[in-house]
Structures are given as structure tokens and as C-alpha cells.
Amino acid sequence: MANCRRKLFCDWLQPHAVVKLTHADDRPLYMMQRRHFLTSAATIALAATPLAGCATSSSRAPPLPAFPRAPRTPAIPQRAISRIALTSCSNPAKDLSFFGQVEARNPDLLLMMGDNVYGSYTPEDPNLPSLSQAYAKLAEVPAFKSLVSKVPTQAVWDDHDYGINDGGGDFAYKAQAQTMFNQFWNVPANSPLRQRPGIYRAFQAGPKGQVLQVIMLDTRYFRAPLLLTDQRDVPGKERYIPHPLGSGADVLGEAQWAFLKAELEKPADVRLIVSSIQVVADGHGYERWGNFPDAQKRLYDLIAQTGANGVVFASGDRHYGSINQVRDGVAYPLTDITASAINMPFRVAEGTTSYNEPATTRIGDGYAAVNFGLIEINWAAGTLTLNLIGDGGKLAGSTTLDLKNLRRG
Ligand SMILES: [Fe+2]
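Residues numbered from 1 in each chain as written. Predicted model: local features only at pLDDT ≥ 70, side-chain atom pairs only at ≥ 80, totals over all residues.

Colleague: Which residues make up the overall build of the protein chain, and what values do they have?
Modeller: Helix and strand counts for the protein chain stand at 8 helices and 14 strands. Looking at the protein chain as a whole, 49% of its 409 residues qualify as buried. Sequence-distant contacts in the protein chain: of pairs separated by 6 or more residues, those separated by 24 or more amount to 75%. (Helix = DSSP H or I, 4+ residues; strand = E, 2+ residues; numbered from the N terminus. Buried ≥ 20, exposed ≤ 12 C-beta atoms within 10 Å, placed from the backbone. Contact = placed C-beta atoms within 7 Å.)

Colleague: Tell me about the confidence of the model for the protein chain, residues and numbers included.
Modeller: Averaged over all residues, the pLDDT of the protein chain equals 86, while 85% of them reach at least 70. Predicted confidence for residues 1-59 stays below pLDDT 50, and this span has 103 contacts to residues more than four positions away or in other chains. (pLDDT = per-residue confidence, 0-100.)

Colleague: Would you mind going over the sheet that holds strand β9 (residues 311-315) in detail, with residue names and values included?
Modeller: By way of backbone hydrogen bonds, the strands of a sheet pair with one another, either parallel or antiparallel. Strand order in the open sheet formed by 6 strands is β6-β7-β8-β9-β11-β10, with mixed pairing between adjacent strands. One side of each edge strand has no neighbouring strand; the edge strands of this open sheet are β6 (201-205) and β10 (322-326). Between one strand axis and the next, the sheet turns by 20 degrees as a mean value, whatever way the strands run. Here 4 bridges tie strand β8 (residues 270-274) to β9, and the two strands are oriented parallel to one another. Bridge pairing in β9 places leucine 272 opposite valine 312. (Pairing = 2+ DSSP bridges. Axes fitted to C-alpha atoms, helices over the stretch in contact; angles between N-to-C directions.)

Colleague: Which residues make up helix α4 (residues 142-150), and what are the values?
Modeller: Where α4 is concerned, the buried positions are Phe144, Leu147 and Val148. Each buried residue of α4 lies within a common arc of 90 degrees when the element is viewed along its axis, so the set occupies one face. Elements in contact with the buried residues of α4: α2 (99-104), β4 (109-112), α3 (129-139) and β5 (153-155). (Arc of directions from axis to C-beta.)

Colleague: Would you mind going over the nonpolar core in detail, with residue names and values included?
Modeller: Leu86, Leu111, Val214, Leu272, Val274 and Ala314 are the most contacted members of the largest nonpolar core, which totals 105 residues. Setting aside chain neighbours within four positions, we find valine 214 in contact with Leu111, Ala202, Phe203, Leu272 and Val274. (Core = buried A, V, L, I, M, F, W, Y, C linked by C-beta atoms within 7 Å.)

Colleague: Which residues make up the environment of lysine 174, and what values go with them?
Modeller: Relative to the assigned elements, lysine 174 resides in helix α6 (residues 174-184). Overall, the presence of 21 C-beta atoms within 10 Å leaves lysine 174 in the buried class. When the C-alpha atoms of lysine 174 and tyrosine 221 are compared, they prove to be 6.9 Å apart, with 47 residues separating the residues in sequence. Aside from chain neighbours lying at most four places away, what touches lysine 174 is Tyr162 and Tyr221.

Colleague: Quick one: what's the story with unusual backbone geometry, residue by residue and with numbers?
Modeller: The omega angle of the peptide bond from serine 340 to alanine 341 is 15 degrees, so this bond is cis rather than trans. Take alanine 341: it is sitting in the loop between β11 (334-338) and β12 (371-378). The phi dihedral of asparagine 186 is positive, around 65 degrees, even though this residue is not glycine. By the element assignment, asparagine 186 lies in the loop between α6 and β6. Owing to 18 C-beta atoms within 10 Å, asparagine 186 belongs among the partly exposed residues under this scheme. Positive phi is not limited to glycine here, since histidine 319 has a value of about 70 degrees. Assignment of secondary structure puts histidine 319 in the loop between β9 and β10. The class for histidine 319 is partly exposed, based on 19 C-beta atoms found within 10 Å.

Structure (C-alpha cells):
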């Protein structure tokens, strides 16, 4: 059984991770927050050590009885990865047959970038029954089962699989949500992900010269509160406004920043950083890293300071697809493909799929119909193409990056 569990985790998270936990003081991470949401585990360093190193640990959280599970997914291949599918916003209460079109592209890897289910919470019930039901529904969807059982799949959560709309670090039931996430996605009981807060992690695949690094961030568990808009529904300020520069409002938390720095210092040829919320996009007042300008700048500066080449971002959450790029004040052009939604597209006027917020960062039109992302890496040519694929294979957006330009000049 232990070997079986170890194999499962090897399959789920190949390179990986032993945790070093130290305790720190309880000072608030952000001056406006009312709760000290990270009070005990303060320094968690993830090191790329063989998985066998974690096999003797025991789980802190008790298993949930009879909780639904995703099907077992194949191991991440160690050959060169050339095709990566990206999905988000897939509500199992609605038709999910579009997953079949993702599978038909035969990707080497599938990254489910959050809002993979839609749960909510009721203050009086810490067991998050709505989230349980959502996972149970997804577990029974044939197109999901077929896709995940055939294509190596990794998932992160966004707010709706975290359990609260637009939720952050002050969500009272976040530990329970993580237990459910771990269980649904078949994280074994002895995994380090069961023993420390947050679901961030990273892995690599591919031979020398064609190494793909995937860094999957947790943008929920440690995030400071959002700053509510004073002009609801005004374009650019619809729900939230950016915190002032210098406020210290954070997205990742110190342990995750340390993990990210360590990952960026490792050699790799392409680095795909998955953030459930948009990293680069501006021009709207919904959730995005731009609402946390100190954290956004810290992220860009970290990429520059570590000399990390080959960084591309991928995000979901928005219910429409777009590709955004920032060029100023960063080490090299940083591009973010937002692939959303599988079955929860933004409503726009009849007869159109264009949806264009007043962003300065967007490349081409936004696409407000069902879509998924497809990243194609041409290792021989040294290019990486970000595609948005709509229903029936419609190419809804595309941009090609030259890998030699994804490094500091
Ligand atoms: Fe979301």
C-alpha cells in the first residue's frame, strides 16, 4: 500500500519536494488584514529532492470518508513536452463535453488552472458541502474522466474550488478546502502537500536543452484582502481597485515567495508559471495581480534578479480568453495567456465573440466564448506559440514567441 501511494504521488508530482518547516512570529502579513492568516508555518522551503524522501511522513489532516476522486492520471512524461493544454472555469453542473475537444488535440500535458469546480460555502457549515457536491459531479463527468485518465494532468484551484468567490487568505475554511483538493486530486496521505498550507508546487520534464519547468502558484491561500472599488461597474474599476504602491499587500506569502525564488534559480529552457488569476492584464477592475502592485512588481523583479529565462504565464478565471504582454520595467517581454472558459463564457452581445476591455497589455481581441489554451513548443525552431482554441477548433487568438528573446538582454 505504501508503495502504491508513493507511486501515485510520483505520478501526480514528479520532481518534488521535501518540506522544511520552521515557526515564526504572528505578525500580520498585511496591515489592513484583520486576521493573522499565516500564523504558524512560516518558512517552507521546497527542494527538488527525490520523492522517496517524503514517504515516511504522515498526514496531518484526517482523510475524508468516501470523498470523490479524479481518475488516476498518467505520469508526466520525461520526453520533450511540445503541447500543453490549459483549461479553467469548468462547471460540472453544466455540459462539459468541450473537454472532448481538449482531449482530441492529444496534448502531452493538461494544466487545469482553477475554477475546475464551482463550490461555495455557508458560514454555519465548515464541511463545505457545496464544494463536496461539485467535486462529486465532476468525478462523474465522462469527458472529464476520459481526459484526465489519458492526459497527464495537474490542477490548481481558483476561488470557486477554494470555496469562496474572490476569496483570499482570510477564508476561515481554507484548510478544509485544501484537504478536499488534495483528496480529489489523489494527493497521497504522505505527501508534503498534506502537511503544509497552500497547494503550490513545481515540476520539470524533458531532456537537457528541452527542459520544461511548470510552476503552479497558489494565489488564494495567502493573499491579502482585495480593495473594494468605490465606483462599482465603472469600466476599469468594476469590483476592485489596486492597493497603493508601498502598502505591502501580497499575493503569495513569504514561504511561497521563497519556493518561487528557488525554482527560478534552477536551470530550465521554458518556464510556465500558472497563476489562477491574470498576472499581466490591466484595464479591468476584477481580480488580477495588478490589484497588488507591490506583489506584481516583486514577481517581475524576481524574474530579473534570478536571471530566469523562458518565463511565460498562464491564467484563467476571467470567463473570456485573451493574451497580454508587458514589456516595460521587466527583464524581457512577459506574456500571459488567459484561457477561460470551458463552459462558463462571459455573456456578450448576440452574434459576437469579441470582448475588449480597455487594456494596454492585450495582444489582439479578447474572446468571449468557450475556449481552452494550447501551448505549442517547437524545440527545433526555438519558438513557443500560445493559442486560444474555440469550439470546433476555431483559432481564437495566437501569438508566437522566440525563445531566444525570453532572456535578459
Ligand atoms: Fe475565479
